[in-house]
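The chain contents come next:
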Amino acid sequence: LARIQTDSVVMMLRELYPDLHFEIVAMSTTGDKILDTALSKIGEKSLFTKELENALERNEVDLVVHSLKDLPTSLPPGFTIGAVCKRENPLDAVVFHPKNCGKTLSLLPEKSVIGTSSLRRAAQLKKKFPHLEFRDIRGNLNTRLKKLDEKEDFSAIILAAAGLKRIGWENRIGQLLGPEDCLYAVGQGALAVEVRAKDQEILNMVSALHDADTVLCCIAERAFMKHLEGGCSVPVAVNSLLKDGQLYLTGAVYSLDGSDSLKETMQTGVSYPHQNEDGPNDDVQHVGITAKNIPGQAQEAAENLGVELASLLLSKGAKHILSVARQLNDA
């Protein structure tokens, strides 16, 4: 999947810059290597990014393609997200064992086992489908689907719809989980291109890939997560929508078993004219994203929306829910 995502970004760049030569360097990361431990237990913030950032720092590569949801809300000094591409479907999808083909989660027999490596998914779905059991499943997409199909351990697994679509396995999606069933992860479905923050030439080149709506939604989501101090060790979920110049953000936090939760929605206007913001402000980052071709006021409004929504949840007791979840997960 990582290779397919990288190829798709390089293809877009080749169309924009036919005279440039792009070389793809494949690497594996800590997150790819440790496959016997739940992501939330490894305790390393930059599981899927560290090795790639090291190569970026050493000038061995000029840009790195990530799933935006793998990127921490604070990047190491010297790096920035230079492009956020148009978002694929951000929803979660259920892939059923062949014997359960045609079913939905609610129709699965009592005590059916569902595989997911995400605390966020498990917390929401435990509450919604108390008759099901949830168990950890790790590995890349191919490995997880193989585990599902070849063994009888799982009745279904939950994956991001975007990854399945990109890899060409959309036909395996048995059920899409809408916001009423499962809010998605911050940045889910969007690809990010990380670059050196001071490398103007590369930054200008990749900025053509920015999708304005996706950028504003993801800034709001990332600001929400950052203000909550959430990470993959706590269940934090979002849903965002940009319509008629209004950005709507729903954010939620959950206890590990989903019994305790807080969820709120807020909105803000993001219709601002583009001003030429020359001078020292031209490289302002909003939660790690540099988007010079999108109005700065709109980006600020999106970031403020995320912070305000997080503050609202914190005022209602989100900190307690998250710290209990963190302690239980660590234990």
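Residues numbered from 1 in each chain as written. Predicted model: local features only at pLDDT ≥ 70, side-chain atom pairs only at ≥ 80, totals over all residues. Heavy atoms only, no water.

- As recorded in an unreviewed UniProt entry, the chain goes by Porphobilinogen deaminase and comes from Setophaga kirtlandii.
- Turning to the chain, the UniProt annotation filed under Cofactor (unreviewed entry) states: "dipyrromethane". (UniProt positions renumbered as here; feature names shortened; annotations may be inferred.)

**Examining the domain arrangement of the chain**
Thinking step 1. Split by domain assignment, the chain resolves into domain 1 (1-89 + 186-330) and domain 2 (92-176).
Thinking step 2. Each of domain 1 and domain 2 has a C-alpha centre, and the two are 25 Å apart.
Thinking step 3. In this complex, domain 1 contributes 32 residues to the contact, which on the side of domain 2 involves 21 residues.
Thinking step 4. Across the domain 1-domain 2 interface, the total number found is 1 salt bridge.
Thinking step 5. Salt-bridge contacts for E88 lead to K165; the nearest nitrogen and oxygen are separated by 3.3 Å.
Thinking step 6. Scanning the region where domain 1 abuts domain 2 turns up 6 residue pairs in polar contact (both at pLDDT 80 or more). (Domains from an automatic or database assignment. Contact = heavy atoms within 4.5 Å. Salt bridge = Lys/Arg side-chain N within 4 Å of Asp/Glu carboxyl O. Polar contact = N/O pair within 3.5 Å; in protein donor to acceptor, adjacent residues only side chain to side chain.)

**Here's the deal with the sheet that holds strand β1 (residues 63-67)**
Thinking step 1. Overall, antiparallel pairing links the 3 strands, which are arranged β1-β8-β2 in an open sheet. The strands lining the two open edges of the sheet, one partner per strand, are β1 and β2 (79-84). Strand after strand, the sheet turns through a mean of 35° between neighbouring axes, direction not considered.
Thinking step 2. In the packing of helix α1 (residues 2-16) onto the sheet, contacts are made with β1 and β8 (191-196), and the angle to β1 comes to roughly 130°. (Pairing = 2+ DSSP bridges. Helix = DSSP H or I, 4+ residues; strand = E, 2+ residues; numbered from the N terminus. Axes fitted to C-alpha atoms, helices over the stretch in contact; angles between N-to-C directions.)

**A look at the environment of D181**
Thinking step 1. Mapped onto the elements of the fold, D181 is located in the loop between β7 (175-177) and β8.
Thinking step 2. With 160 residues separating them along the chain, D181 and H21 place their C-alpha atoms 45 Å apart.
Thinking step 3. In contact with D181, other than residues within four places in its own chain, are Q124, L125, K128 and F129.

**Quick word on unusual backbone geometry**
Thinking step 1. We note that N59 has phi near 60°; this positive angle belongs to a residue other than glycine.
Thinking step 2. Along the chain, the position of N59 falls in the loop between α4 (50-57) and β1.
Thinking step 3. The phi angle at V287 is positive, at roughly 40°, despite the residue not being glycine.
Thinking step 4. Following the sequence through the fold, V287 ends up in the loop between β11 (261-269) and α10 (296-315).

**Focus: the environment of L145**
Thinking step 1. Inspection of the secondary structure puts L145 in helix α6 (residues 141-150).
Thinking step 2. For L145, a relative accessible area of 7% puts it in the buried group.
Thinking step 3. It is 9.5 Å that separates the C-alpha atoms of L145 and F96, two residues lying 49 residues apart in sequence.
Thinking step 4. Beyond its immediate chain neighbours, meaning those up to four positions away, L145 contacts V95, I157, L159, L164, W169 and R172. (Buried < 20%, exposed > 50% of the residue type's maximum accessible area, 1.4 Å probe, protein only.)

**Points about the pattern of salt bridges**
Thinking step 1. Throughout the structure, instances matching the rule amount to 12 salt bridges.
Thinking step 2. With a shortest N-O distance of 2.6 Å, E60 and R58 are connected by a salt bridge.
Thinking step 3. Given a relative accessible area of 51%, R58 falls into the exposed group.
Thinking step 4. Several salt bridges converge on common partners, so that one network encompasses D62, R196 and D199.

**Description of the pairing of β1**
Thinking step 1. Judged by how many residues are buried, β1 sits mostly within the fold: 4 of 5 residues are covered.
Thinking step 2. With 5 bridges connecting them, β1 and β8 associate as antiparallel partners. Looking at the pairing, S67 lines up with L191 of β8.

**What to know about the nonpolar core**
Thinking step 1. Counting residues in hydrophobic clusters, the biggest one holds 45 residues, and the most contacted among them are L68, I81, F224, L228, V236 and V253.
Thinking step 2. Among the elements of the structure, β2, α9 (212-228), β9 (236-243), β10 (246-254), α10 and α11 (318-330) are those that each provide at least two residues to this core.
Thinking step 3. Looking at which element gives the most residues to this core, the answer is α9, with 10 residues.
Thinking step 4. Listed in part, the 15 residues of the second largest apolar core include V9, L191, V193 and L209. (Core = buried A, V, L, I, M, F, W, Y, C linked by side-chain atoms within 4.5 Å.)

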